[in-house]
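So you can see what is in the structure, the chains are spelled out below.
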Amino acid sequence: MTVSTHARRTRVHVTGAASTAVRPVLESSRRPARVLAAFPGGIYLEVRTELEPSVIAVITGEAIRLPNSVLLAGPLPKVTVGDDASVGDRSIELGPLSLTVRRWWDPAPPLGPVDLGSLAYAAGRLIDPPEPGLTGNPALDLLAGGCAEGRLLWAVTAAEQLMGLGPGLTPSGDDVLAGLLVTLRHLGAAAGVERAVWLAGWLGATVTFDARSRTTPLSATLLHCAAAGAASPEVTGVLRGLTGTQPLEPALRRLHRLGHTSGSDLAQGVTIGVNAVLSLGQSQGAAP
């Protein structure tokens, strides 16, 4: 008779704080998931679900707090791409880790009110981001012009061209669109520019309609988050800087440092969004 000497794996029980953006998936019934990517500071899980966001980032305090994140108070387990996991019932089972969500944080905090004059002054202090991934791409000009003039067809056409454009887990085109969507929604609301919020809604519907088939799973999830106004603290920090509730220049530097070109691409989207809010706001004020 052979006696197995294989030791039973010890479960490690921890708690975490999750973004409210992933609450629908975390509070639904348990579903299987797999490890999509693993880094020292974070593990991305792709959940087998029709709900969005379908990718959840389990991160430590040293990682970028993406809007689809669950912040873990402790070290990450050692896993490899393709490993099985499960998500639901307010918990995540990942390798030896059993994580229960006890707290929630808001990735889309509203901004305080801002008048167009103050916003225009702050916009003049925006600095060009270093080495965006799509410099010179004509779709960027079409997107900027369409948003500034409120021409939905131009903006939608440009968004269709930019989706999934570029290498990596979050292609440059998607990062530009994410920065734009969050800016139009939040700054549009803060400045009382209804046309900007309207534009954010239609553009968000466009980029999320078939995002899963157009770009990477992680980027599709981040586009869904951005369409709802959710972003990382680096992006919302710049928006707060533009409304005068925190220093703008340090927030811009933090944003520009993200990833290889992600920070610069997000900043490019923010700039397009700020200019659109100002242009649409001036047109709104001039209307009879």
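Residues numbered from 1 in each chain as written. Predicted model: local features only at pLDDT ≥ 70, side-chain atom pairs only at ≥ 80, totals over all residues. Heavy atoms only, no water.

Details of helix α8 (residues 217-227)
α8 sits mainly inside the fold: 9 of its 11 residues count as buried. Every buried residue of α8 is listed here: Leu218, Ser219, Ala220, Thr221, Leu222, Leu223, Cys225, Ala226 and Ala227. Looking at the packing, one finds that the buried side of α8 touches β2 (31-39), β3 (42-47), β4 (55-59), α5 (172-191), α6 (194-209) and α7 (211-214). Just downstream of α8 lies Gly229, where phi reads positive at about 90°. (Buried < 20%, exposed > 50% of the residue type's maximum accessible area, 1.4 Å probe, protein only. Helix = DSSP H or I, 4+ residues; strand = E, 2+ residues; numbered from the N terminus. Contact = heavy atoms within 4.5 Å.)

Structural notes on helix α3 (residues 138-149)
In a regular helix each residue adds 1.5 Å, so 12 residues correspond to 16 Å; α3 covers 17 Å between its end C-alpha atoms and thus fits that length. Among the residues making up α3, those that are buried are Ala139, Leu140, Leu143, Gly146, Cys147 and Ala148. Between the side-chain oxygen of the N-cap and the backbone nitrogen of Ala139 there are 2.8 Å, and the N-cap of α3 in question is Asn137. Positive backbone phi, at 70°, marks Gly150, one or two positions downstream of α3. (Expected span 1.5 Å × (residues − 1). Polar contact = N/O pair within 3.5 Å; in protein donor to acceptor, adjacent residues only side chain to side chain.)

Here's the deal with the sheet that holds strand β5 (residues 69-72)
The sheet built from 8 strands closes into a barrel, its strands ordered β1-β5-β4-β3-β2-β6-β7-β8 with mixed pairing. Going from strand to strand, the sheet's axes swing by 30° on average, the running direction of each strand aside. One ladder, built from 8 bridges, connects strand β1 (residues 12-19) with strand β8 (residues 97-105); its direction is parallel. Bridging from a neighbouring strand, Ser19 pairs with Trp105 of β8. Taken strand by strand, α8 contacts β2, β3 and β4, and its axis lies near 95° from that of β4. (Pairing = 2+ DSSP bridges. Axes fitted to C-alpha atoms, helices over the stretch in contact; angles between N-to-C directions.)

Description of the layout of surface pockets
Approximately 730 Å³ is the volume attributed to the largest pocket. In terms of lining, the largest pocket is formed by 37 residues, of which the most central are Tyr44, Ile64, Leu66, Thr170 and Ser262. Counting only elements with at least two residues in the lining of the largest pocket, the list comes to β3, β4, α5, α8 and α11 (262-286). For the lining of the largest pocket, the element with the most residues is α5, which contributes 6 residues. Counted by class, the lining of the largest pocket contains 22 nonpolar, 13 polar and 2 charged residues. (1 Å grid on protein atoms, 1.4 Å probe; cavity = no way out; pocket = protein on both sides within 12 Å on 5 of 7 lines; lining within 4 Å. Points joined across faces, edges and corners; volume = space filled by probe spheres on them. Nonpolar A, V, L, I, M, F, W, Y, C, P; charged D, E, K, R; others polar.)

Side note on the pattern of salt bridges
The tally for this structure, following the rule as stated, stands at 8 salt bridges. Residue Glu46 is joined to Arg34 by a salt bridge in which the shortest nitrogen-to-oxygen separation is 3.0 Å. Of the two residues, Glu46 sits in strand β3 while Arg34 sits in strand β2, which places them 12 residues apart along the sequence. In this structure Arg34 comes out as partly exposed when scored by relative accessible area, which is 35%. (Salt bridge = Lys/Arg side-chain N within 4 Å of Asp/Glu carboxyl O.)

Points about the packing of aromatic side chains
One pass over the full model with this rule turns up 2 aromatic pairs. Judged by centre distance (5.9 Å) and plane angle (65°), the rings of Phe39 and Tyr44 are edge-to-face. Its relative accessible area of 45% is what places Phe39 among the partly exposed residues. Residue Tyr44 is classed as buried on the basis of its relative accessible area of 14%. (Phe/Tyr/Trp six-rings, centres within 6.5 Å; stacked < 30°, edge-to-face > 60°.)

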